[in-house]
Amino acid sequence: MTDLKTFVSLDDLAKFADDKFVQMLKENKVKDVLKAIGLFSDQTITNDILIISQNPEATVVKRLSDWGYYKRKVKENQKGIKVISHVLKNYNIDTTDENGNVFAQGVEKMDIQMGFLFDISQTEGKDYEYLNSNKENVAKYFEAVKGALEKSVRGYEFEYKDIETKSDIDFTNKKIFIKDGLSIDEVIRTLIDNVATVLVATRKEEGLADFFDFEKNGVVYAVNSKLGLDLPEYDFSLSLNDDGLLELKNNLQKVRSVTHQILQNVQNSIEYSVRKLLREEKLEKAEETKEQEEVVQKTKAAKTTKNKTKTKSKQSESEVE
């Protein structure tokens, strides 16, 4: 795990990230950047680079307080991953200006500061049930994932029918056709491809022009990376100078934004399904426990009745004697 303790300012971190970004693209490591975008789509491209530079094995990163929400705590002697954080702060609260005016509510402003993230491997505590980065989990919650992907493109209808190709998009009438009879894996990957196509096509251009295929394929690669699906054999080779590579970061920001939109929907749906399943299992267990207690009570009651009957029988025999 690389320690950036010598970088104490935001400028240091930003410059390191920019230099590392250009270096990675020159070394044809675009896929590594895209994987990072998939794993940490809620972060900026700069932070993605900082995360994988400090901890290449990171899979799920959160702030200290966020891990606390999931009932996990950071282990002792763990070093946080340095990132650039954007936080909303209140200024001029309960202050008085030169004219005696008191500012009670203050003003909210976006502030930039150094933040720290921790990978799940650096934490311990309650099991984190929402790791959906494997085929098995995606298949297990197939209906939830399928519905989440369909909802990612608002205004579009999905129709599953017998067509020659795996899919087709009607941009005019806002319809997406998926071939009927595909396997679960094929349906999910086909949906990801079509959803990425529509979302990238309908977003405004950012960065270098005529990079639609790069952006769309980048989204597919990033999303598949996060969900643990088979990765397509895309060619992301580039022939750009340093300025062009830095400008490409804006295109990748578009990739990150679309990727985050898709994955956020999928992860929310899986989390909801997991919670629902846990509630059902808890209720089922409670019902089983209740039934077992009722059986025990009935058995006790039967034994009591049987003992009373024996006692009465003995008393009757004594009276007869």
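Refer to the structure above for everything that follows.
Note that the structure is predicted; figures quoted are calculated from it, not measured.

Draft legend 1. Inspection of the nonpolar core at higher detail. Membership of the largest hydrophobic core comes to 67 residues, with the highest contact counts inside it found for Leu-252 and Ile-262. With 10 residues, helix 9 (residues 242-320) is the largest single contributor of residues to this core. With seven residues, the next largest nonpolar core counts Val-60, Trp-67, Tyr-70 and Val-74 among its residues.

Draft legend 2. Looking closely at the sheet that holds strand 9 (residues 167-170). Across the sheet, three strands lie side by side as 8-10-9; this open sheet has mixed pairing. This sheet does not close on itself; its edge strands, each paired only once, are strand 8 (157-161) and strand 9. Going across the sheet, the axis of each strand differs from the next one's by a mean of 20°, ignoring polarity. Bridging between strand 9 and strand 10 (residues 175-179) involves four bridges; their strand directions are antiparallel. Counterpart to Asp-168 in the pairing with strand 10 is Phe-177. Sheet strands in contact with helix 7 (residues 184-202) are strand 8, strand 9 and strand 10, and its direction is about 25° off that of strand 9.

Draft legend 3. Fine view of helix 8 (residues 212-227). Taking 1.5 Å per residue as the helical rise, helix 8 with its 16 residues ought to reach 22 Å, and the 23 Å between its terminal C-alpha atoms agrees with that figure. Across the 16 residues that make up helix 8, a large majority, 14, are buried. Looking at the residues trailing helix 8, positive phi occurs at Gly-228, about 70°.

Draft legend 4. Molecular detail of the pattern of salt bridges. One pass over the structure, following the stated rule, counts 13 salt bridges. Where Asp-19 meets Lys-15, a salt bridge forms, and the shortest distance between an N and an O atom there is 2.8 Å. Of this pair, Asp-19 and Lys-15 both sit in helix 1 (residues 10-26), four residues apart, roughly one helical turn. Accessibility expressed as a relative area gives 53% for Lys-15, which makes it exposed. Here Asp-185 makes a salt bridge to Arg-189, at a shortest N to O gap of 2.9 Å. Linking Asp-185 with Arg-189, this pair stays in helix 7, spanning four residues, or about one helical turn. In this structure Arg-189 comes out as partly exposed when scored by relative accessible area, which is 28%.

Draft legend 5. Spotlight on helix 3 (residues 45-54). In terms of residue burial, helix 3 counts as a mostly covered element, since 10 of its 10 residues are buried. Residues of helix 3 that are buried include every one of Ile-45, Thr-46, Asn-47, Asp-48, Ile-49, Leu-50, Ile-51, Ile-52, Ser-53 and Gln-54, and no others.

Draft legend 6. Up close: the packing of aromatic side chains. Overall, the coordinates contain seven aromatic pairs when judged by the stated rule. Taken together, a centroid distance of 5.0 Å and an interplanar angle of 85° make the contact between Tyr-70 and Tyr-128 edge-to-face. In this pair, Tyr-70 sits in the loop between helix 4 (64-69) and strand 2 (72-74) while Tyr-128 sits in the loop between strand 7 (123-125) and helix 5 (135-140), placing the two residues 58 residues apart along the sequence. Comparing Tyr-70 with Tyr-128 shows no difference in burial state: the two are buried. Between Phe-211 and Phe-214 the ring centres are 5.6 Å apart and the planes differ by 70°, which places this aromatic pair in the edge-to-face class. Here a set of aromatic residues connected by ring pairs shows up, and it is made of Phe-211, Phe-214, Tyr-221, Tyr-234 and Phe-236. For the cation-ring pair, Lys-62 lies above Trp-67, with the distance from its terminal atom to the ring centre recorded as 5.8 Å. The lysine or arginine in question, Lys-249, covers the ring of Phe-21, its NZ or CZ lying 5.2 Å from the ring centre.

Reading the values: rules and limits
- Residues numbered from 1 in each chain as written.
- Predicted model: local features only at pLDDT ≥ 70, side-chain atom pairs only at ≥ 80, totals over all residues.
- Heavy atoms only, no water.
- Core = buried A, V, L, I, M, F, W, Y, C linked by side-chain atoms within 4.5 Å.
- Buried < 20%, exposed > 50% of the residue type's maximum accessible area, 1.4 Å probe, protein only.
- Helix = DSSP H or I, 4+ residues; strand = E, 2+ residues; numbered from the N terminus.
- Pairing = 2+ DSSP bridges.
- Axes fitted to C-alpha atoms, helices over the stretch in contact; angles between N-to-C directions.
- Contact = heavy atoms within 4.5 Å.
- Expected span 1.5 Å × (residues − 1).
- Salt bridge = Lys/Arg side-chain N within 4 Å of Asp/Glu carboxyl O.
- Phe/Tyr/Trp six-rings, centres within 6.5 Å; stacked < 30°, edge-to-face > 60°.
- Lys NZ or Arg CZ within 6 Å of the ring centre and 35° of its normal.

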